[in-house]
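# Secondary and tertiary structure notes
So you can see what is in the structure, the chains are spelled out below.
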Amino acid sequence: MRHLARISDGVTARVFAILNELAIEAIRAGAERITHEDIESWKPALEKETMFA
């Protein structure tokens with residue numbers, strides 16, 4: 001959870017956006033869960049980063 005707070009800069013909207021993206025990917029992959037490894041390996045898409053600038 002610390003990593004999630006770090007990559008989102010503690011901004012609630014970013015936390016939810018990251019978790020939403022990870023959840024969609026987990027469902028598509030058939031895992032239906034977000035793991036610690038998923039959070040650690042998450043990388044922002046460039047166009048999404050500009051939304052929060």
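The following paragraphs examine the structure supplied in this document. Note that the structure is a prediction, hence the values are computed from the model and not measured. The numbering scheme is per chain: residues are counted from 1 as the chain's sequence reads. Local features in a predicted model are, by the rule used here, given only for residues with pLDDT of at least 70; side-chain atom pairs are given and counted only at 80 or more, and totals for whole chains, interfaces and linings are based on all residues. As a rule here, side-chain values cover all heavy atoms of the structure and leave hydrogens and water aside.

### Focus: the overall build of the protein chain
Counting its regular elements, the protein chain contains four helices and zero strands. Comment: elements are numbered from the N terminus, with helices defined as DSSP H or I runs of at least four residues and strands as E runs of at least two. Moving toward the C terminus, one meets the helices and strands of the protein chain in the order α-α-α-α. The buried share of the protein chain, reckoned over its 53 residues, is 17%. Throughout, the Shrake-Rupley method with a 1.4 Å probe supplies accessible areas, and for residues the shown protein chains are the sole cover considered. For the protein chain, the accessible area works out to roughly 4200 Å², and carbon and sulfur atoms hold 58% of it. Think of it in three bands: residues with accessible area under 20% of the maximum for their type are buried, residues over 50% are exposed, and the middle band is partly exposed, with areas taken using a 1.4 Å probe on protein chains only.

### A closer look at the pattern of salt bridges
Within this document, salt bridges are pairs made up of a side-chain nitrogen of Lys or Arg and a carboxyl oxygen of Asp or Glu, the two lying within 4 Å of each other. In the structure shown here, the tally under the stated rule is one salt bridge. Salt-bridge contacts for Asp 9 lead to Arg 14; the nearest nitrogen and oxygen are separated by 2.6 Å. Residue Asp 9 is classed as exposed on the basis of its relative accessible area of 56%.

### Focus on the environment of Arg 33
Summarising the element assignment, Arg 33 is placed in the loop between helix 2 (12-29) and helix 3 (36-41). Not counting chain neighbours up to four residues away, the residues in contact with Arg 33 comprise Ala 26 and Asp 38. The contact criterion used throughout is that any non-hydrogen atoms of two residues lie within 4.5 Å.

### Structural notes on the nonpolar core
In this text, buried Ala, Val, Leu, Ile, Met, Phe, Trp, Tyr and Cys residues form a nonpolar core when linked through side-chain atoms within 4.5 Å. Counting residues in each nonpolar core, the largest one holds five residues, listed as Leu 4, Ile 18, Leu 22, Ile 39 and Trp 42. Contacts of Leu 22, omitting those with residues within four sequence positions, involve Ile 34, Asp 38, Ile 39 and Trp 42.

### Overview of the side chain of His 3
Counting through the fold element by element, His 3 comes out in helix 1 (residues 2-7). Residues within four places of His 3 in sequence aside, it is in contact with Ile 39 and Glu 40.

### Focus: the side chain of Ser 8
Position of Ser 8 among the secondary structure elements: in the loop between helix 1 and helix 2. With relative accessibility at 0%, the residue Ser 8 sits in the buried group. Each polar contact in these results corresponds to two N or O atoms within 3.5 Å; when the atoms are within protein, one needs to be able to donate a hydrogen and the other to accept it, and residues that are neighboring in sequence are counted only if both atoms are side-chain atoms. Polar side-chain contacts of Ser 8 include one of 3.2 Å to the backbone oxygen of Ala 5.

### What to know about helix 2
Here helix 2 spans 26 Å end to end across 18 residues, near enough to the 26 Å set by a 1.5 Å rise per residue. Of the residues making up helix 2, those classed as buried are Arg 14, Ile 18, Leu 22 and Ala 26. Taken end-on, helix 2 shows its buried residues confined to a sector of 100°, consistent with a single buried face. Looking at helix 2, the residues exposed on the side facing more than 90 degrees away from the buried face are Thr 12, Phe 16, Ile 27 and Arg 28. Check the buried side of helix 2 and you find it contacts helix 1 and helix 3. In this analysis, the expected span of each helix is defined as 1.5 Å times one less than the number of residues it contains. The arc in question is the one traced by the directions running from the helix axis out to the C-beta atoms.

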